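# Observations on the model geometry
Residue strings, one per chain:
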Amino acid sequence: MQQTTDFAERARAVLRYDLPASLVVFLVALPLSLGIAVASGAPVLAGIIAAIVGGILAGALGGSPLQVSGPAAGLTVVVAGLISQFGWAVTCAITLCAGVLQILFGLSRVARAALAISPVVVHAMLAGIGITIALQQIHVLLGGSSNSSAWANVTELPGQLMNAHGHGVILGALVIAILVGWRWVPAPIKKVPGPLVAIVGVTALSLLPTFGDVTRIQINGSLLDALALPSLPDGNWGAFAAGVLTIALIASVESLLSAVSVDRMHTGPRTNFDREMIGQGTANMVSGAIGGLPVTGVIVRSSTNVAAGARTRASAILHGVWILIFAVPFAGLAQMIPTAALAGLLIVIGCQLVKRAHIETARRTGDLAVYAVTAAGVVFLNLLEGVLIGLALAVALTVWRVVRTNIVSESTGENTWRVAIEGSCTFLSLPTLTSALGKVPTGSSVTVELSVDFIDHAAHETIEEWQRQHVATGGTVDIHDVGAVEMASAVAGPPMRGFTPFDKRSGVVPWSSWQREEVSSVLHGLAAYHRRTAPVLRPHMQELVHAQRPETLFLTCADSRVVPNVITSSGPGDLFTVRNVGNMIPAGQADASIEAAIAFAVDKLEVSSIVVCGHSSCGAMTAMLGKTDAGDKHLESWLAHGNPSIEAFDDGRHPVAQSAAEAGFGMVDQLSMVNIAVQVQTLQAHPLARRVNVIGLFYDIASAGVLRVTPTHIETLADAA
């Protein structure tokens, strides 16, 4: 019964959402499939076959539920070249073999590797294809024939303009005008796809006697007659293999990138990329086996599908069914379409492949050269060479960005110099490195700050040799490893990149991790602060010159392991910090220092909260439990303020102690948490502090985690939020 109900609900959803969406996609796909076939130089109905197979098979088997597949403009240039070289039957065999290769991609689970190709190269490839299509189809629109060479299409264009066929130009221009202006039509009319309106309307107009001399699409037979078996080439197997690889890679990349884009358009199930490859490969095998164009995921149809309200893969499958139902009896109607009309459609499609947003993104990200070189290579060389050149340039640009090093040498005083090396220090950095080291005068005292995430043997050897020579001539060299990777790592084994989100001088890690002196020095830390941190901090501090505006009074233990600004991710001006041994607030307002801090924070600074923060392994709590001797009368006198906490602890019977014990904390940490709860209660009864929010926190040093302490239990901050 439950299964019947679920099936009925799914059926209703398909009828309500997917059926209408499939009809919209069908109306968009039909003219585009014809146009792409014409642009590829393939049999016109090969585009219809690919649309049917792509819609039904890729829709049913693919891993992207809302993606719609079919013949794509991105492969027209490649297919046209293969047809010119091998003929249609061999091109079908190439498509079939490319499908097999795609299935292998999916089965081997390497589909995501295709996404490693730089998007700017893919965008530029599509732009180059669009420009090529537009250049070719302008000649067709003008009544001539296109050349395979883009340069020939450009140079012969003036002559073609002089000999333009007037009626064809009018029809093609009218298609372009309708498609360009369709964005401004009223919303109810806009529901009808612009390409369908343009092709049907212009075709109807062309039936008038005035346009009787225009050239129309030629179709030899019905859809069943268009079915054709593939054949293998007589030779030239290297070019055949290259064609298979080219079709497989471009179709895979275009399909996967389209799937990624579709995922961003909806909130439903995400794409299974390996399954999508298997679905695309199966569709290409079948399409190639029966005489269809190569199939890919098509972003134009897919975005239309999502915008039309599709919810499941049923929409993509149904769109293929509608094309099949239409094409079997009515394919012959395509012979009425003027070639100039389809040329106008293809010119617009080509121009739409050159997206302003992609160019702007490339300019903003510094990849405009990659975009321009790739597009030019695709247009004036060929698609494969253009893409390879673009990828090589993109890789070179990435390598330059990643491995470049910022090296500065500067005088810091009389006969003292500083050399700062940041980034990835490799053999590529040697010209800059040797130049910077060469500026240091002989006999000077030099500090080398090495803040790198990678250093190879060549850079290590250069620095070491310079250090040896500089010391030999009376100078001194002090090398500070302050980055993720130390200099000695270059010769300790194969160089490895170091990953750390912190600079070692930021206050997150101790001096011992980056100061090489036998005794770590606060003066060395201050020197590093003035050189590196102060310039970054200075603009913010200038805003705080005349007044502080902290949000919180942070009362914590004097323990050196507790760093309030680190654990609260705060900076100067955020916390008004008070520290003492054991983070205690003496009862009865007995301590003038603590009372002054509370009064100033609440009355003058108007903080919104007070935090009491204790920590694990606290020496004060250990002494209060009698496990160590305080050893000093002043310390003993101060720890006496903790007697209320000892009484509340009651040998572990306090609810907070019991909660801490359940969490695995020992006796000292249990008392520390009870002490926090007691101090919070003291503040909540304070005449000033009761006006603000009082929070108890416990810092667990071993895990570097923070817990919240309430009057009755402890909890993680995630639970408390």
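Per-chain numbering applies: the sequence of each chain, read as written, is numbered from 1 onward. Totals for whole chains, interfaces and linings use all residues, but because this is a predicted model, local features are given only for residues with pLDDT of at least 70 and pairs of side-chain atoms are given and counted only at 80 or more. Each side-chain value is derived from all of the structure's non-hydrogen atoms; neither hydrogens nor water enter the calculation.

We now examine the overall build of the protein. Helix and strand labels come from DSSP, where a helix needs a run of H or I of at least four residues and a strand needs a run of E of at least two; each type is numbered from the N terminus. When helices and strands are tallied, the protein shows 31 helices and 12 strands. Here the C-alpha radius of gyration of the protein, 37 Å, is well above what a compact globule of 721 residues would show, namely 27 Å. Counting only C-alpha atoms and orienting by the principal axes, one finds that the protein spans roughly 115 × 85 × 50 Å. Only protein chains enter the calculation, and the probe is 1.4 Å; a residue is then buried if its accessible area is under 20% of its type maximum, exposed if over 50%, and partly exposed in between. In the protein, buried positions account for 46% of the 721 residues. Expressed as a percentage of contacts within the protein between residues at least 6 apart in sequence, the contacts between residues at least 24 apart total 74%. If you sum the accessible surface of the protein, you get close to 33800 Å²; carbon and sulfur atoms cover 61% of it. All radius of gyration figures rest on C-alpha atoms, and the globule criterion is 2.2 Å times the number of residues raised to 0.38. Residue contacts follow a heavy-atom distance rule, with two residues in contact if any of their heavy atoms lie within 4.5 Å. Each accessible area value is a Shrake-Rupley result obtained with a 1.4 Å probe; residue values ignore everything except the protein chains displayed when judging cover.

Looking now at the pattern of salt bridges. Every case where a carboxyl oxygen of Asp or Glu lies within 4 Å of a side-chain nitrogen of Lys or Arg is listed as a salt bridge. Evaluated as defined, the whole model comprises nine salt bridges. We note a salt bridge from D367 to R401, for which the minimum N-O separation is 3.1 Å. Here R401 lies in helix α19 (residues 383-403) and D367 lies in the loop between α17 (356-364) and α18 (368-380), a separation of 34 residues in the sequence. The closest approach of N and O atoms between R418 and E410, which form a salt bridge, is 2.5 Å. Of the residues examined, R418 reaches a relative accessible area of 9% and is grouped as buried. What emerges from the salt-bridge pattern is a single network uniting E410, R418 and E449.

Boundary definitions for the domains trace back to an automatic or database domain assignment. Its domain assignment divides the protein into domain 1 (1-119 + 130-142 + 156-212 + 239-354), domain 2 (355-403), domain 3 (404-499) and domain 4 (548-716). Taken over C-alpha atoms, the centre of domain 3 sits 46 Å from the centre of domain 4.

Bringing empty space enclosed by the protein into the picture now. Points on a 1 Å grid, built from protein atoms alone, make a cavity when a 1.4 Å probe fits but cannot get out and make a pocket when they are open with protein on both sides within 12 Å along at least 5 of 7 lines; residues with an atom within 4 Å of a point are the lining residues. Grid points are joined across faces, edges and corners, and a volume is the space filled by probe spheres set on the points. This model, assessed by the stated rule, comprises one cavity of 30 Å³ or more. Volume-wise, the largest cavity comes out at about 40 Å³. Along the walls of the largest cavity sit I36, S40, P71, A72, L75, T76, V79, L293 and P294, which together make up its complete lining. Contributing elements (two or more residues each) for the lining of the largest cavity: α1 (2-40) and α3 (76-86). Asp, Glu, Lys and Arg are counted as charged, while Ala, Val, Leu, Ile, Met, Phe, Trp, Tyr, Cys and Pro are counted as nonpolar; the rest, among them Gly, fall into the polar class. Among the residues forming the lining of the largest cavity, the class breakdown is seven nonpolar, two polar and no charged.

Between rings of Phe, Tyr and Trp, where Trp is taken as its six-membered ring, a pair exists when centres lie within 6.5 Å; planes separated by under 30 degrees are stacked, by over 60 edge-to-face, and by other angles tilted. This model, assessed by the stated rule, comprises six aromatic pairs. On the basis of an interplanar angle of 90° and a centroid distance of 6.5 Å, the ring pair of F86 and F240 is categorised as edge-to-face. Placement of F86 in helix α3 and of F240 in helix α12 (residues 237-263) is noted, with a sequence separation of 154 residues between them. Overall, F240 belongs to the buried group, its relative accessible area being 6%. Among the aromatic residues, ring-to-ring pairing joins F86, W237 and F240 into one connected group. A cation over an aromatic ring shows up here: R183 above the ring of W184, its NZ or CZ 5.2 Å from the ring centre. Looking at R311, its charged tip hangs above the ring of Y17, at a distance of 3.7 Å from the centre. Think of it as a cone above the ring: NZ of Lys or CZ of Arg counts as a charge over the ring if it is within 6 Å of the ring centre and within 35 degrees of the ring normal.

Time to look at the sheet that holds strand β6 (residues 476-481). Each pair of strands is called paired provided DSSP finds at least two bridges between the two strands. Pairing within the open sheet is mixed, and its four strands lie in the order β3-β4-β5-β6. Both outer strands of the open sheet, β3 (405-413) and β6, are each paired with one neighbouring strand and no more. Neighbour-to-neighbour, the strand axes of this sheet turn through a mean angle of 15°, independent of strand direction. As paired elements, strand β4 (residues 416-425) and strand β5 (residues 445-455) share 10 bridges and run parallel to each other. When the sheet's bridge partners are listed, G423 is paired in β5 with V452. Fitted lines through C-alpha atoms serve as axes, helices being fitted only where they are in contact, and the angles separating the N-to-C directions of these axes extend from 0 to 180 degrees.

One open sheet holds the six strands; their spatial order is β8-β7-β9-β10-β11-β12, and the pairing between them is mixed. Each edge of the open sheet is held by one strand with a lone partner, namely β8 (575-580) and β12 (714-716). Each strand axis lies, on average, 30° off the axis of its neighbour in the sheet, ignoring direction. Where strand β9 (residues 609-615) and strand β10 (residues 693-700) come together, seven bridges link them in parallel fashion. Bridging from a neighbouring strand, V612 pairs with G696 of β10. Together, β7 (552-557), β8 and β9 form the strand contacts of helix α25 (residues 592-604), whose direction differs from that of β8 by roughly 170°. Packing against the sheet, helix α30 (residues 667-684) makes contact with β9, β10, β11 (705-709) and β12, and its axis sits at approximately 165° to β10.

Moving on, we get to the environment of V612. Among the secondary structure elements, V612 is positioned in strand β9. C-alpha of V612 to C-alpha of L697: the two residues are 85 residues apart in sequence and 6.1 Å apart in space. The residues contacting V612, other than those within four sequence positions of it, are L555, N583, I585, I676, Q679, V680, L683, I695, G696 and L697.

On a range of 0 to 100, pLDDT expresses the predictor's confidence in each residue. On average, residues of the protein score 87 in pLDDT, and 95% of them reach the 70 mark or higher. Across the protein, element-level confidence peaks in β9 with a mean pLDDT of 97 and bottoms out in helix α31 (residues 717-720) with 57.

Here α19 is 21 residues long and its end C-alpha atoms lie 30 Å apart, about the 30 Å a rise of 1.5 Å per residue gives. L383, G386, V387, G390, A394 and V403 are the residues of α19 that are buried. In the core, the buried residues of α19 are packed alongside α3, α5 (119-141), α12, α18, β3 and β4. The length a helix should cover is 1.5 Å for every residue beyond the first.

Here we take up the side chain of Q679. Within the fold, Q679 resides in helix α30. For Q679, a relative accessible area of 2% corresponds to the buried category. In protein, a polar contact means a hydrogen-donor-capable atom and an acceptor-capable atom, both N or O and within 3.5 Å, with residues adjacent in sequence counting only if both atoms are side-chain atoms; elsewhere, any N or O pair within 3.5 Å suffices. Reaching out from Q679, the side chain makes a polar contact with the backbone nitrogen of I585 at a distance of 2.8 Å. Ignoring any residue separated from it by four or fewer positions in sequence, one finds Q679 in contact with N583, M584, I585, V612 and S645.

Moving on, we get to the environment of A558. With respect to the helices and strands, A558 occurs in the loop between β7 and α24 (564-567). Expressed as a C-alpha distance, the spacing of A558 and V578, which sit 20 residues apart in the sequence, is 8.7 Å. For A558, the contacting residues outside a window of four places in its chain are R579, N580 and V581.

This part is about the nonpolar core. As used in this record, nonpolar core signifies buried Ala, Val, Leu, Ile, Met, Phe, Trp, Tyr and Cys residues forming a set joined through side-chain atoms within 4.5 Å. If you look at the biggest cluster of nonpolar residues, it comprises 91 residues, and the most contacted ones within it are I48 and L293. Each of domain 1 (1-119 + 130-142 + 156-212 + 239-354) and domain 2 (355-403) gives at least three residues to this core. Grouped together as the second largest cluster of nonpolar side chains are 45 residues, I610, V656, I676 and V694 included.

Okay, the pairing of β6 next. Two elements, β5 and β6, share six bridges in a ladder whose sense is parallel. Looking at the pairing, S445 lines up with T476 of β6. With strands facing away from the observer, any crossover in which the path from the first strand over the helix to the second runs clockwise is taken as right-handed. At this point the chain moves from β5, through helix α21 (residues 457-472), to the parallel β6, and the crossover so formed is right-handed.

The next point concerns the side chain of Q280. Looking at where Q280 falls in the secondary structure, it is placed in helix α13 (residues 273-290). Leave out the neighbours within four places in its chain, and Q280 touches A58, Q67, S69, Q102, S255, V295, T296 and G297.

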